[in-house]
Amino acid sequence: MDKRRKILLGFAAGGVATIAIAGGLFWYLVLRDDAPPKVTLSSALDSIPASPTASTASTSSPQPSPGLPGTWVPDTSQQTFLGYRVNEQLVRIGVNTAVGRTSGVTGQLVIEGNTVKSATFEADLTKLASDSGLRDGQLRNQAIETNKFPKATFALSDPITLPDTLLSGQAFDTTLKGKLTLHGVTREVAIPAQAQMKSGLIVVVGSIEIQFSDYSISKPSGATVLSIEDHGTIELQLFLKKSS
């Protein structure tokens, strides 16, 4: 192979490599969707810190598994949150999944026997945080208007019978039927959910798709926003500890 041909081949190989690198950077910086994954029971359970090591556990009193009857409240040391997930079209970026979450969740769940008799929870929407401070700021005065409607609430309306296997750590599917208040509008909802016990906590995850118009929510607008879907998903992840 003559020297000239080697040089040309070298330039060609370098060009291909440059294009590949540029394409990779474009995907990483522009096209990549960094939205947190959807809530799942397995990921919620995995987020609970591991139990003490055997040597540590042997020097401390064993922690008995709490019985079900009583009042259960959010454990603030865990990753409890309520949030939204909605698709948007952004200038120079394209389709993006916007995810915002608030850890400001309070309330309680009351169990009598093996039945959830009541459950009321409130989320502080002023603490919603996404990957964009600009988006979070816009939501104070647009869409869910957290300056006017700082809270979202859920109140269970139908009791839930808990299976005997809950205490043994087996997961079960259920539906949370109740009243959701968002943006000053209250509607009956049925939220598909899963629950399981781990490390003395009741872990609950669920999600439901809502139409913004059902809650008098107008789609937000902005200089970088081309369009936003007219619906979104509300996600919840609860870690409940027994308080009494």
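Residues numbered from 1 in each chain as written. Predicted model: local features only at pLDDT ≥ 70, side-chain atom pairs only at ≥ 80, totals over all residues. Heavy atoms only, no water.

## Here we look at the overall build of the chain
Our working rule: Numbered from the N terminus, helices here are DSSP runs of H or I no shorter than four residues, and strands are runs of E no shorter than two. Buried residues are those whose accessible area, probed at 1.4 Å on protein chains only, stays under 20% of the maximum for their type, while exposed residues exceed 50% and partly exposed ones sit between those limits. When checking whether two residues touch, look at their non-hydrogen atoms; a contact exists if any pair is within 4.5 Å. With residues, only the protein chains shown are counted as cover, and all accessible areas are computed by Shrake-Rupley using a 1.4 Å probe.
Counting secondary structure elements, the chain contains 4 helices and 12 strands. Expressed as a percentage of the 244 residues in the chain, the buried residues total 38%. Summarising the internal contacts of the chain: among those between residues at least 6 apart in sequence, 66% fall at separations of at least 24. Total accessible area on the chain is roughly 14,000 Å²; 56% of this is exposed by carbon and sulfur atoms.

## Topic: the environment of A195
Relative to the helices and strands, A195 is located in strand β9 (residues 185-198). Excluding anything up to four places from it in sequence, A195 contacts L41, Q170, A171, F172, V203 and V204.

## With respect to empty space enclosed by the protein
Basically, it comes down to this: Only protein atoms enter the 1 Å grid, on which a cavity is a set of points fitting a 1.4 Å probe that cannot get out and a pocket is an open set with protein on both sides within 12 Å along at least 5 of 7 lines, lining residues being those with an atom within 4 Å of a point. Grid points are joined across faces, edges and corners, and a volume is the space filled by probe spheres set on the points.
The tally for this structure, following the rule as stated, stands at 1 cavity of 30 Å³ or more. For the largest cavity, the calculated volume is near 380 Å³. What lines the largest cavity is a set of 30 residues, among which F121, L176, V204, L236 and L238 lie closest to the centre. At the level of secondary structure, the elements contributing two or more residues to the lining of the largest cavity comprise β2 (81-90), β4 (105-112), β5 (115-124), β6 (151-156), β8 (172-182), β9, β10 (201-211) and β12 (231-242). With 5 residues, the single largest contributor to the lining of the largest cavity is β5.

## So, the pattern of salt bridges
Inclusion rule: For this document, the term salt bridge refers to a Lys or Arg side-chain nitrogen within 4 Å of an Asp or Glu carboxyl oxygen.
Across all of its chains, the model carries 7 salt bridges by this definition. The salt bridge involving E88 is made with R135; its shortest N-O contact spans 2.6 Å. Residue E88 is located in strand β2, and its partner R135 is located in helix α4 (residues 133-141); the two are separated by 47 residues in the primary sequence. Considered together, E88 and R135 belong to a single accessibility category, that of buried residues. A salt bridge links K151 to E122, with the nearest nitrogen and oxygen atoms 4.0 Å apart. Residue K151 is located in strand β6, and its partner E122 is located in strand β5; the two are separated by 29 residues in the primary sequence. Several salt bridges converge on common partners, so that one network encompasses R85, R101 and E235.

## Considering unusual backbone geometry
A positive phi is found at E145, a non-glycine position, where the angle reads about 45 degrees. Here E145 lies in the loop between α4 and β6. For E145, a relative accessible area of 16% corresponds to the buried category. The backbone of S199 shows a phi angle near 55 degrees, a positive value even though the residue is not glycine. Following the sequence through the fold, S199 ends up in the loop between β9 and β10.

## Digging into α4
For α4, the full list of buried residues reads R135, D136, G137 and L139. Two residues or fewer after α4 comes A143, characterised by a positive phi angle close to 55 degrees.

## Thoughts on the pairing of strand β1 (residues 70-74)
The cut-off we apply is this: Pairing between strands is defined by DSSP: at least two bridges between the two strands are required.
For β1, the tally of buried residues reaches 5 of 5 residues, placing the bulk of the element in the interior. As defined by bridge partners, β1 adjoins β4 across 3 bridges and the pair is classed as antiparallel. Each bridged residue has a counterpart across the sheet, and for W72 the counterpart in β4 is L109.

## Topic: the environment of L156
Here L156 shows up in strand β6. Sequence separation between L156 and L109 is 47 residues; the distance between their C-alpha atoms is 9.2 Å. Look past the residues within four positions of L156 in its chain and what remains in contact with it is V116, S118, A119, L176, K177 and G178.

Honestly, it's all geometry; don't read function into it.
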